[in-house]
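# Close look at the chain arrangement
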Amino acid sequence: MIELKNLSKSFTKGHDVLAGLTCQIPDNAIYGLVGANGAGKSTLLRIINSIYRADKGQVLIDGVDVFDNEELKKEMVFVPDDLFFFSSYSLYQMAKFYQALYPKFAISFVLKEAKTLHLDINQNIASFSKGMKRQCALLCALATKAKYLFFDETFDGLDPVIRKHFKNLLVKQMMKQDTTIIMTSHNLRELEDICDNLGLLYKGKILFEGEIASLKTDMVKVQISLKGDFDEKTFADLDVLAYKKIGQVATLILKDGPLAKKKLPKLKPIILDFLPLTLEEMFVYQMEALGYEFNEVL
Amino acid sequence: MNSMKFFNFKFFKENCKQAKGLIIFFLGLLPLITIIVLIQQLMSQNYVQNFQNYGLATYFLSFLIPVALALALFGFVFKKKSVDFYLAQPLNRKTIFLTNYLGGLALLLLIIIMNTIILAIFGAATELVLPFKMLLDYFVYFTVTYFFIFSIVTLAISLAGNFITSLILSILIIALVPFLKAVNWTYKENGNQIRVYCNAEICPIKNNQDKEYHYLYMQYDLANYNFTTPVALPFIADFRVGDVVRTIILTIIYSLLAFISFTRRPMENNECSFKNNFVYHLVKCLTLLPFGFLCFSYLTMGNYSGWLIFLVISLIYFLAYDLIAQKRIKPLPLVLFTFIISMSLYHGMYALWLRIQTKDIYMKDITSIKINYNDLDLVITEPDEIQTFLGEGLNIDGRDYYSYKAKIEYHKQTYTTHLNLPGESFLTDYQKRHNLKSNVETTNYAKITDAFVSFWGNDLKIKVDNKLINLLEDNKTKAIKEKYNFATLELYYYENHELKHISYNVGRSEELANFVAHYINQEFLKHQKSFNFQFINLYNEEATDIYEQVLEYFISKNPADFLKYLKDHQNDPITDHKYIIAIAEDGSLKRTFAYLVSDSTTLENLYNEYLEKYANDPHVQELIAECQENEMGIHEY
């Protein structure tokens, strides 16, 4: 388990990029980190990977401090948003570089996947397109067979087909190798179908986090119409996150879905529809409940 | 302890692979330039005084190679994406630093070793004087220099946020330390202004009544920078153990500082000059030091317009620095304020420095003067002689004078300076007056490593063996006999990190003269077989032109016959002073070789024989007539 304890980091005086961030990332999960530009997502990943030193706080993996720990770093790989390759190196040469440093590196995986993705392993990476470069970086990272994978703006520049392919590869890797993946994006929709957990980073802190599956099960959107007058108080025994009434039809966002499904039919409604919520909607309502304007956060 | 803990060979190998172009370039460049320098050297003369001259290319590249290598290995810290890449690898900062640092040193060592081997090969295969001890000095000196520069640049990279700032910082570290050192304690070691006050009664000033002191050596200013020998100008720098040790200590200090800075470096400090504003301004102000110095020098010369121009140039530089490093000049009042403060401070500092480095030495307190003069090391200790020496130096106005490197002992401290003395005879007279022995008489010849026979403008390398050493040793105190005075032996040995040279006249001994004559003739005959070898002329100090011209004509008609004569007489002992030289040129090497006819009578016989044989030859008759017309007359034998 990755534990982030009270992490703080500032680059200029009086402006904290991370301000006492505390969070726990469970093993064998895909953790999505979302936040607006400049929220501190990349900085957080760099601190976890010992690139930056935190001003305060600690990053622990299974209780051991990660900073500059060579043994732990052998189980970690980081793909930043701005990719770096040695000049005039081919994918094969880059893979050989990684192979020299990662004991479990599987060059056969790179060769096989490069063939699938139609990447010429002997061609200079500098001549590749942005998306192809990203594919090279992701292939090398996955081939390390590291236990902890960190991706910053993971699928940036990839077309939908390749994106899907890599999502499959990530899931496969997680299933096979007991891997923990932490990926950042400012796009919730991108992470929705792959992440198990999500954390929302805002002003240097995790504002909100949780398992997507339970969020989706718990939170429901309901459209309801009752005979006679009714208002928000009618649903006082339910955990209402948001309430809106237009005419005789009210739209409710309820935190406890199963409870709602049990109690609402008892009110004998004229209309009762349980509608699916997108991840973005769930976050919007959570934020609003916490008193934040979602647009400001994301 | 697992070596992987501090040095990751695989990582280094991969790093080298990605910088292989640069590494191969420098590995090839230095030896190539060295070979060119050596070939040039070989074509001009066979020795140089200091190893630095052989390593001229090594010296100049000592600024380029370590800098380029340090940037190739550590330059990743300047780019955010390369920092992400390197730091995310399964290596800690300590391993990254030590792998790159130690690996860089190993590469530099490899370059120096390769170059030393090239020098050694040239020394063995050619006639260049390259004693083993000199090669060792070369190796030590340049290894220390390369390591020193590499450590400084590594430190600068660890501290700075971009390429330009790291270079500026490197220059500052290189330049500031000798500066501080010079101010503190080394001004006494070299030149500077040393004024010797002379009591007017003891030493009356003859030409200039107002002159109350004598600048022994008027070298002002930058001479101080030669105190860090390894980074000094190669023409000034000597191998001084103290300086090498100091440089090694500094290298260790800088490397430790670099290690600490790198492992603690805020890696977000890139693509900018310095993270800390104060450090940025401090470094910028420090770079004004040389500008301050130049401004001040104009001021001391009384050139106020020059001072003003340089002040404006300095300000332009100061503003440009901001534009390059920060892409803006902000805040302008602060920039102007720091400029004024810095320049005022540097002017004050240089004024103080000038005061400190001006040393007044009173003549009466000088206890000795040491002068190296030709084959003599003169040590003058008598007070009267000291006053004569310095007194003469005070009155050289309008006369020819020589400048000698001298060491002056004063209050138990030695000051190296230059002494101006009138004419060479002044020292020769002193030598005679004191019956001083020359270096030829005092040298231990077992130390000799290289010997050349200097004969008719040509230096022939001669093997240094026991026989030669014994001959030199046995005859060193003997007087020169004119009969055998036809050549000198140029002898070399390496001592105290310097190539010592002794000219030994072969005329001191008959046996030595015959030994050398035999060697000269053998060399001549050996080379006559070589490609494009041809006679140029004959020479006899006492013979007439007609004799030479006619003999040359005979030789050209029948060279094989003449060569047979030379071969038959190559071992003749020297019998008289009338020697004849046959000079020939080896076209392929552009070198000349000479043959010594030890017994001129045999050649005279040959001449007469030829004259009789070709008496009816119209050309001979023509030559004789022509010479007679010129009232030369025919030499009668």
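This section reports on the structure supplied with the text. (Residues numbered from 1 in each chain as written. Chains lettered and ligands numbered in written order. Predicted model: local features only at pLDDT ≥ 70, side-chain atom pairs only at ≥ 80, totals over all residues. Heavy atoms only, no water.)

## With respect to the overall build of chain B
Here is the rule: Each helix is a run of DSSP H or I of at least 4 residues and each strand a run of E of at least 2, with the numbering of both proceeding from the N terminus. To sort residues, take the accessible area from a 1.4 Å probe on protein chains only and compare it with the maximum for the residue type: under 20% means buried, over 50% means exposed, and anything in between is partly exposed. Note on definitions: a residue-residue contact is assigned when non-hydrogen atoms from the two residues lie within 4.5 Å. Under the convention used here, a 1.4 Å probe and the Shrake-Rupley method define accessible areas, while residue burial counts only the protein chains that appear.
From N to C terminus, chain B includes 22 helices and 14 strands. Counting the 637 residues in chain B, one finds 51% classified as buried. A separation of at least 24 residues holds for 75% of the contacts in chain B among residues at least 6 apart in sequence. For chain B, the exposed area adds up to about 29900 Å²; of that, 59% sits on carbon and sulfur atoms.

## Points about the overall build of chain A
The cut-off we apply is this: Counted as positive: Lys and Arg. Counted as negative: Asp and Glu, with His and the chain ends omitted from the count. Charge positions come from single atoms, namely NZ of Lys, CZ of Arg, CG of Asp or CD of Glu.
Scanning chain A from terminus to terminus reveals eleven helices and 14 strands. Looking at chain A residue by residue over its 298 residues, the buried ones come to 53%. Within chain A, residue pairs in contact and separated by at least 24 positions form 67% of the contacts whose partners lie at least 6 positions apart. Put simply, chain A shows about 13500 Å² of open surface, and 50% of that area lies on carbon and sulfur atoms. In chain A, 38 positive and 38 negative side-chain charges are present, and the distance between their average locations comes to 2 Å.

## Structural notes on the sheet that holds strand β3 (residues 30-34) of chain A
Residues and elements named next belong to chain A. For clarity, the cut-off: Each pair of strands is called paired provided DSSP finds at least two bridges between the two strands. Axis definition: a line fitted to C-alpha atoms, over the contacting stretch in the case of helices. Angles run 0 to 180 degrees between N-to-C directions.
Spatially, six strands are ordered β6-β7-β8-β3-β9-β10 in an open sheet, and the strand pairing comes out mixed. In this open sheet, the two strands that pair with only one neighbour each are β6 (76-79) and β10 (205-211). Adjacent strand axes in the sheet meet at a mean angle of 15°, parallel and antiparallel pairs treated alike. Judged from the four bridges that link them, β6 and strand β7 (residues 148-151) form a sheet pairing that is parallel. Paired with Met76 across the two strands is Tyr148, which belongs to β7.

## What to know about a nonpolar patch on the surface
Under the convention used in this document: Patch building starts from residues that exceed 30% relative accessible area and form no salt bridge, then joins like charges within 9 Å and nonpolar side chains (Val, Leu, Ile, Met, Phe, Trp, Tyr) within 5 Å. Within this document, salt bridges are pairs made up of a side-chain nitrogen of Lys or Arg and a carboxyl oxygen of Asp or Glu, the two lying within 4 Å of each other.
Together, B:Val241, B:Val245, B:Ile249, B:Ile253 and B:Leu257 give the surface a local cluster of nonpolar side chains, amounting to about 410 Å² of exposed area. Within the fold, B:Leu257 resides in helix α9 (residues 241-264).

## Comments concerning helix α12 (residues 304-326) of chain B
Residues and elements named next belong to chain B. To keep it simple, the criterion reads: Multiplying 1.5 Å by the residue count of a helix minus one yields the expected span of that helix.
Taking 1.5 Å of rise per residue, 23 residues should cover 33 Å, and α12 covers 33 Å from first to last C-alpha, within 8% of that figure. Burial in α12 covers these residues: Gly306, Phe310, Ser314, Phe318, Tyr321 and Asp322. Phi for Lys327, located one or two positions after α12, is positive at around 65°.

## Section: the sheet that holds strand β11 (residues 220-225) of chain A
Residues and elements named next belong to chain A. Strand order across the open sheet formed by four strands is β12-β13-β11-β14, with antiparallel pairing between neighbours. Each of the sheet's edge strands pairs with one partner strand only, and the pair in question is β12 (240-246) and β14 (271-275). Shown here is a sheet whose adjacent strand axes are inclined to one another by a mean of 15°, direction ignored. Pairing of β11 with strand β13 (residues 249-254) involves five bridges; the strand directions are antiparallel. Pairing of Gln223 across the sheet is with Thr251, part of β13.

## Quick look at the side chain of B:Glu14
As for its placement among the helices and strands, B:Glu14 is situated in helix α1 (residues 9-18). Once you skip the residues sitting within four places of it in the chain, B:Glu14 turns out to touch A:Tyr89, A:Lys96, A:Phe97 and A:Ala100.

## Brief notes about the nonpolar core
To keep things clear, this is the line we draw: As used in this record, nonpolar core signifies buried Ala, Val, Leu, Ile, Met, Phe, Trp, Tyr and Cys residues forming a set joined through side-chain atoms within 4.5 Å. In this document the domain limits rely on a domain assignment from an automatic tool or a database.
Ranked by size, the top nonpolar core spans 171 residues in total, and within it A:Phe166 and A:Met183 carry the most contacts. If one sorts the elements of this core by residue count, helix α7 (residues 132-159) of chain B sits on top with 14 residues. In terms of domain composition, this core takes at least three residues from each of domain 1 (2-214) and domain 2 (220-276) of chain A. Contact partners of A:Met183, with chain neighbours within four places excluded, come to A:Ile30, A:Tyr31, A:Gly32, A:Leu33, A:Phe151, A:Thr154, A:Phe155, A:Leu170, A:Leu191, A:Ile194 and A:Cys195. Core analysis: the second largest hydrophobic core is formed by 55 residues, B:Tyr484, B:Ile502, B:Val550 and B:Tyr610 among them.

## Examining the pairing of strand β11 (residues 498-505) of chain B
Residues and elements named next belong to chain B. In this sheet, β11 lies alongside strand β10 (residues 488-495) in antiparallel orientation, the contact comprising eight bridges. From the neighbouring strand, Glu490 faces β11, where its bridge partner is Ser503. Following β10, the chain reverses through two residues before pairing antiparallel with β11; Asn496 in that reversal takes a positive phi of roughly 50°.

## Notes on helix α21 (residues 600-613) of chain B
In this model α21(B) runs 20 Å from its N-terminal to its C-terminal C-alpha over 14 residues, within 8% of the 20 Å that 1.5 Å per residue would give. For α21(B), every residue scored as buried is listed here: B:Ser600, B:Thr602, B:Leu603, B:Glu604, B:Leu606, B:Tyr607 and B:Tyr610.

## Some details on the interface of chain B and chain A
How large an interface is tends to be reported as the accessible area lost when its parts come together. Quick note on the threshold: When two parts are put together, the accessible area they lose, computed with a 1.4 Å probe and summed over both, is reported as buried area.
At the junction of the two partners, chain B supplies 27 residues and chain A supplies 27 residues. Summing both partners gives a buried area of about 2600 Å² for chain B against chain A, and 55% of it is carried by carbon and sulfur. Counting the surface chain B buries against chain A, the share from its top three residues, B:Asp84, B:Phe85 and B:Pro90, is 25%. Our enumeration of links across chain B and chain A arrives at two salt bridges.

The values are spatial; any link to function lies outside them.
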